[in-house]
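Structure assessment
Listed here are the chains, written in short residue letters.
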Amino acid sequence: MEQIRVPDPNYQIGRGKVEELAELVSEKQAQRVIFDNELKPQQAYNLAKATGVQIIDRFQLILEIFTHRAATTEAKLQIQLANLRYELPRAKEKVKLTKKGEQPGFRGLGAYEVDIYYETIKRQIHRIQKKLKTVRKKRSLHRKRRLELGFSLVALAGYTNAGKSSLFNALAKETVPVDSGLFTTLSTTTRAIELSGRKVLLTDTVGFIDNLPLTLIEAFHSTLEETIFSDIILLVVDASESLDEIERKLLCCRDTIQTIGATGIGIVTALNKIDLLSESALQLKLDALKDLAPHPVPISALHHTNLPQLKHAFFSYLKEYVQASLWIPWKTESMPFISWLHDRAEVQPLKYEGDGVSLTFKSLPRFAEKVRHRVAQLGGTFQRA
Ligand SMILES: Nc1nc2c(ncn2[C@@H]2O[C@H](COP(=O)(O)OP(=O)(O)OP(=O)(O)O)[C@@H](O)[C@H]2O)c(=O)[nH]1
Ligand SMILES: [Mg+2]
């Protein structure tokens, strides 16, 4: 529903509209109503009373989406903090309202004293801020764990609804799943896939949007850690929209990538949903987007169109593998070391030499350096080709 008017202090929308809304809710058996505008507690309360369902605004919706997507402790804390900061100025009024009678979205608050509820939130904010400080110190651990795997990281990114998750599923399905034992520590939105024999970690991320409420920006950015630490960004665009829309969203993506500090990472653009476009319309868009969309590949995630071309495009961006040879003496730690290496690199058959074993492997340069370190600990020798 849409209405153009000066916001009503009690309902945000006009009385007539409130009635229409209540009818619509009952006709559609809606479970909640989402407002694009920010709502005052008084308005949310009155609307809940009039419609019988919970009323939330854009801010709360976005917060909910972030809550589902937050993979790291830091992101989770940032989101809790954003939520509490949203609640704090509303706390006293909400408790007062609830004392008049509980409504959907206001339940349970009536038991509080006004000041106690406010103070509780303040204390929680304080506690989370303290936790965040500790967590930030540990931030790099998460990243280290990924590097430790020895895989290249590809992050899906793009405006909301562009088709990132569809592409994620399509790519994950098209490729042989890699032994999952290793990945129990990864989030559900990361899959290991094979790309021309190389192991790659593909991560789905939360969608970008314009006009993000200021208080949510930090929480949003911390859910995008995967993007910052990736080797390639696979930027997904809904190419079926108008050229204006596509440009606006691409600019928003470019800004977001810059603000989170993911600059300098190779970008391949998947122009998605081409099944909805004619050949000539697609060509027009490809020409018009030349400067805004780096390395464009037209695809359809839904129909699995052009996925090989897409994989080829980002394969060329993966860091070159380096080759190295090593020798380690035969001792108890040697066997676990070799199986660790097998899981993470392309290892050629072993050769038993005297009282030790030698082998050649290919991997990412950063991983080869890690191997060099472990070989030294085992008292062996290491040589990069
Ligand atoms: N016609 C068509 N529809 C598609 C294609 N890819 C995705 N869609 C549809 O686009 C909608 C959004 O797809 P998602 O994969 O959920 O998009 P997303 O980018 O992950 O969205 P958020 O996670 O909300 O940011 C869904 O209804 C998909 O079915 C495509 O190639 N063609
Ligand atoms: Mg998605």
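Residues numbered from 1 in each chain as written. Chains lettered and ligands numbered in written order. Predicted model: local features only at pLDDT ≥ 70, side-chain atom pairs only at ≥ 80, totals over all residues.

Describing the overall build of the protein chain
Filter applied, for reference: Counting from the N terminus, the helices are the DSSP runs of H or I reaching at least four residues and the strands are the DSSP runs of E reaching at least two. Partly exposed residues are those whose C-beta has more than 12 but fewer than 20 other C-beta atoms within 10 Å; with 20 or more the residue is buried, with 12 or fewer it is exposed, and the C-beta atoms are placed from the backbone. Contact between two residues is assigned when their C-beta atoms, built from the backbone, lie within 7 Å.
Each helix and strand in the protein chain was counted, giving 13 helices and 13 strands. Considering only C-alpha atoms, the protein chain reaches an extent of 85 × 60 × 35 Å along its principal axes. A buried classification covers 32% of the 385 residues belonging to the protein chain. Expressed as a percentage of contacts within the protein chain between residues at least 6 apart in sequence, the contacts between residues at least 24 apart total 71%.

What about the packing of helix H1 (residues 15-28) against helix H2 (residues 41-51)?
Two numbers describe a pair of packed helices, the interaxial angle and the distance between the axes. Note the cut-off: A fitted line through C-alpha atoms serves as each axis, taken over the contacting stretch for helices, and the angle formed by two N-to-C directions is quoted from 0 to 180°. Convention used here: angles under 35 degrees read as roughly parallel, angles over 145 as roughly antiparallel, angles from 65 to 115 as roughly perpendicular, and any remaining angle as oblique. Should the near helix be turned anticlockwise from the far one by less than a right angle, the crossing is termed left-handed; should it be turned clockwise, right-handed.
Where H1 meets H2, the axes come as close as 9 Å, and the angle between the chain directions of the two elements is 55°. On the basis of their axis angle, the class for H1 and H2 is oblique. By crossing handedness, the relation of H1 to H2 is classed as right-handed. Facing H1, whose interface residues are Val18, Leu21, Ala22 and Val25, H2 presents Leu47, Ala50 and Thr51.

Observations concerning the nonpolar core
Filter applied, for reference: In these notes, a nonpolar core means any group of buried Ala, Val, Leu, Ile, Met, Phe, Trp, Tyr and Cys residues linked to one another through C-beta atoms within 7 Å.
Among the nonpolar cores identified, the biggest contains 42 residues, and Val154, Leu234, Val237 and Ala270 are the most heavily contacted of them. For this core, the elements supplying multiple residues, two or more each, are strand S3 (152-158), helix H6 (164-174), strand S4 (190-195), strand S5 (198-203), strand S6 (232-238), helix H9 (243-259), strand S7 (266-272) and helix H11 (307-315). Per element, the largest residue contribution to this core is 6 residues, and it comes from S6. What valine 237 contacts, discounting residues up to four positions off in sequence, is Gly158, Ala162, Ile246, Lys249, Leu250, Thr269, Ala270, Leu271, Asn272 and Ala293. Counting residues in hydrophobic clusters, the runner-up holds 18 residues, among them Ala75, Leu77, Ile79 and Val206.

As for the environment of serine 230
On the secondary structure map, serine 230 appears in the loop between helix H8 (225-228) and S6. The class for serine 230 is buried, based on 23 C-beta atoms found within 10 Å. In contact with serine 230, not counting residues within four places along its chain, are Leu153, Val154, Ala155 and Ile265.

Things to note about the site of ligand 1
The condition is simple: Nearness rests on one distance test: the residue's C-beta atom, set from the backbone, must lie within 6 Å of the molecule or strand. Ten residue types, Ala, Val, Leu, Ile, Met, Phe, Trp, Tyr, Cys and Pro, are classed as nonpolar, four, Asp, Glu, Lys and Arg, as charged, and the remainder, Gly among them, as polar.
Ligand 1 sits among 16 residues. The nearest are Gly163, Ser165, Ser166, Gly207 and Leu302. At 3 residues, H6 tops the list of elements feeding residues into the shell around ligand 1. When its residues are assigned to classes, the shell around ligand 1 shows 4 nonpolar, 9 polar and 3 charged.

Quick notes on the environment of glutamate 19
Along the chain, glutamate 19 falls in helix H1. Along the sequence, glutamate 19 and leucine 47 sit 28 residues apart, while their C-alpha atoms lie 9.9 Å from each other.

Quick notes on the packing of H2 against helix H4 (residues 73-98)
Axis separation between H2 and H4 bottoms out at 9 Å; the angle between their running directions is 30°. By the criterion of interaxial angle, the relationship of H2 to H4 is roughly parallel. Helix-helix and strand crossings are classified by hand; for H2 and H4 the assignment is right-handed. Here Pro41, Gln42 and Tyr45 of H2 come into contact with H4, specifically with Arg90, Glu93, Lys94 and Leu97. Split into classes, the residues belonging to the contact of H2 with H4 amount to 3 nonpolar, 1 polar and 3 charged.

Digging into the domain arrangement of the protein chain
Formally: Just so you know, the domain bounds were taken from an automatic or database domain assignment.
When the domains of the protein chain are assigned, the result is domain 1 (1-131), domain 2 (150-315) and domain 3 (322-384). One C-alpha centre belongs to domain 2, the other to domain 3; they are set 35 Å apart.

A look at the sheet that holds S7
As a reminder, the rule being used: Two strands qualify as a pair provided that DSSP identifies no fewer than 2 bridges between them.
Sheet architecture is open: 6 strands sit in the order S4-S5-S3-S6-S7-S8, paired in mixed fashion. Looking at which strands have only one partner, the edges of the open sheet turn out to be S4 and strand S8 (296-298). Averaged over all neighbouring strand pairs, the angle between strand axes comes to 30°, with direction disregarded. Sheet strands touched by H9: S3 and S6. Its angle to S6, the strand with the most contacts, is close to 155°.

Focus on unusual backbone geometry
The backbone of asparagine 161 shows a phi angle near 75°, a positive value even though the residue is not glycine. When you line up the elements, asparagine 161 lands in the loop between S3 and H6. Owing to 13 C-beta atoms within 10 Å, asparagine 161 belongs among the partly exposed residues under this scheme. Its identity as a non-glycine residue notwithstanding, asparagine 306 has a phi of 65°, on the positive side. As for its placement among the helices and strands, asparagine 306 is situated in the loop between S8 and H11.

A short note on the pairing of strand S12 (residues 356-363)
With 8 bridges joining them, strand S9 (residues 322-329) and S12 adopt antiparallel strand pairing. Across the sheet, the residue bridging to serine 325 is threonine 360, located in S12. One ladder, built from 3 bridges, connects strand S11 (residues 351-353) with S12; its direction is antiparallel. What sits directly across from lysine 351, in S12, is serine 358. In this antiparallel pair of consecutive strands, S11 and S12, the connection spans 2 residues, and glycine 354 shows a positive phi of 55°.

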